[in-house]
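One-letter residues, chain by chain:
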Amino acid sequence: MNRQEMLSQIPELLSFAASPRVVRIPPEMNVPMTDRAARLLDTPPLRRLSQVSQLGLVGLVYPGATHSRMEHSLGVYRNALMFLQRLVTTKRFAEVVDPRGAERFLLASLLHDVGHWPFCHPIEDMRLPGVPRHEQRARRIIGDAEIADRIRNDWQIEPDEVCDLLDGKDLSDENQALSSLLSGPIDVDKMDYLIRDSLHAGVPYGRNFDTGRLIGSLAIHPSRPRLAITDKGRTAAEMMVFSRYIMFSEVYWHPTVRSATAMLQRAIYQLHERLDMDSMCELTDAPWIERLLMASAGTDVQWLTQGLFGPKRRLFKEIGQFSVLDSPQIHASLAGRPYPWLVRCSESFARLASAAIGRRVGPTHVLIDAPPQKLEVDINVDVVDEQGIVRTLGDVSPVAAVLARQQFDNFVKRVRIFVCPELRDSITPQQAREILEAAVEQTPDAT
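Reference entry: report on the structure contained in this document.

Calculation rules
- Residues numbered from 1 in each chain as written.
- Predicted model: local features only at pLDDT ≥ 70, side-chain atom pairs only at ≥ 80, totals over all residues.
- Heavy atoms only, no water.
- Axes fitted to C-alpha atoms, helices over the stretch in contact; angles between N-to-C directions.
- Helix = DSSP H or I, 4+ residues; strand = E, 2+ residues; numbered from the N terminus.
- Parallel < 35°, antiparallel > 145°, perpendicular 65-115°, else oblique.
- Left-handed = near helix turned anticlockwise from the far one by under 90°.
- Contact = heavy atoms within 4.5 Å.
- Nonpolar A, V, L, I, M, F, W, Y, C, P; charged D, E, K, R; others polar.
- Expected span 1.5 Å × (residues − 1).
- Buried < 20%, exposed > 50% of the residue type's maximum accessible area, 1.4 Å probe, protein only.
- Phe/Tyr/Trp six-rings, centres within 6.5 Å; stacked < 30°, edge-to-face > 60°.
- Lys NZ or Arg CZ within 6 Å of the ring centre and 35° of its normal.

Comments concerning the packing of helix H16 (residues 255-271) against helix H19 (residues 302-309)
At their nearest, the axes of H16 and H19 sit 9 Å apart, and the two run at 140 degrees to each other. Considering their axes alone, H16 and H19 lie oblique with respect to each other. Along this stretch, H16 crosses H19, giving a crossing that reads as left-handed. Residues Ala-260, Met-263, Leu-264, Arg-266 and Ala-267 of H16 form the contact with H19, whose participating residues are Leu-304, Thr-305, Gly-307, Leu-308 and Phe-309. Across the contact of H16 with H19, the residue classes break down as seven nonpolar, two polar and one charged.

Points about H16
Across its 17 residues, H16 extends 24 Å between first and last C-alpha, which sits within 8% of the 24 Å expected from 1.5 Å per residue. Within H16, 13 of the 17 residues are buried, which leaves it mostly tucked inside the rest of the structure.

Comments concerning the packing of aromatic side chains
Here the structure, examined in full by the defined rule, presents eight aromatic pairs. With 6.1 Å between their ring centres and 75 degrees between their planes, Tyr-193 and Tyr-252 make a pair best called edge-to-face. In this pair, Tyr-193 sits in helix H13 (residues 188-201) while Tyr-252 sits in helix H15 (residues 234-252), placing the two residues 59 residues apart along the sequence. Across this residue pair, the class does not change: Tyr-193 and Tyr-252 are buried. Measuring from centroid to centroid gives 5.0 Å for Phe-248 and Tyr-252, while their planes differ by 75 degrees, and the two rings are edge-to-face. One end of the pair is Phe-248 and the other is Tyr-252, both in helix H15 and four residues apart, which spans about a single turn. Tyr-252 carries the same exposure label as Phe-248, and that label is buried. Clustering of aromatic rings is evident, with ring pairs tying together Tyr-193, Phe-248, Tyr-252 and Trp-253. Across the ring face of Trp-155, the terminal group of Arg-36 is positioned such that the distance to the ring centre comes to 3.8 Å.

Put into structure tokens, the structure is as follows:
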């Protein structure tokens, strides 16, 4: 039996055709479960993900967006099976990946979110001391006995081999190829969360691309160990780029979601030294929120946490927004700044605003939301035409290139100023601009 035939005999791939055990997830998807996959799914660290929200604060704007990271992990695992089902039919994949590597990929797809904790992405973005990153937690959790024993006994694979695939530290050809399936312009993660988040948010934007056509076009680059697509999948890939752009614009970076995010970040910034962040990371949503509310009681950020998680929603209001297109200098002066600097700048804004409007503006009454300088829409998937010529999607699709580079970076990623609701009508957009420019000038780069 050659390697290609051995790949096709992986138990999980065989179960994909006809499995006696399935887990049902939206939208009407069956996720086949072999005995060893089911035993892994039943470990406490993975069960915990059923009580951790996939989208966190997005649920304040889209009430249906309360699905869990468990549901998403199952969707990613199902995509991994579909990716493998397609790729094992290609000779090039078998040249780079052996059956053991394919099984590591399946494990990584099911475990890729195991290190996440409530609201971790916006909190990690602040890069505060003592706040662990979810990737670090994932390695520790996978190495613990609860999961490690399952991986060793059921799969005959070492836990570190799965972790090396998740964090991309192993640069072997096999790991590079498999990592590109887990994290890249087109991967098992994005293909699930776009569809799933769109479904639960109640919007169509993330479902407007042809997943069947895209998966049917998957290939491995003819000379490099990474995922590519054939020319037949180009249009589907363009639509996926567009779907991601719209989902960021209308859901993930909705102005009200950004307001809630800014409120949570400021509360955590003020409270993180009195919170045991390591133990917070072990919690699920409800106890995590309860502990945050308790820690904020009697502090100057209590009204922020109550506005987010109390009995009455009370979110800050936007008084100014600045994109690369309409305000390049302001945007450049704030985008990518360290979070402590943004706090000092918002405090300068509050002092200047108090003088400008003749009314007290407290230091926690103003929040500045400035996006990090990173490319959110990566379009550089390789497209292989019938003659074997390889070009990137951006080269063969001007539409995709414009969406990713100009529209997303220059339009969606805006700097925003939020104030408490009582101040919204007291500061005009022009005043907000002028005060912000002065606040930037008055805020030193270091304390």
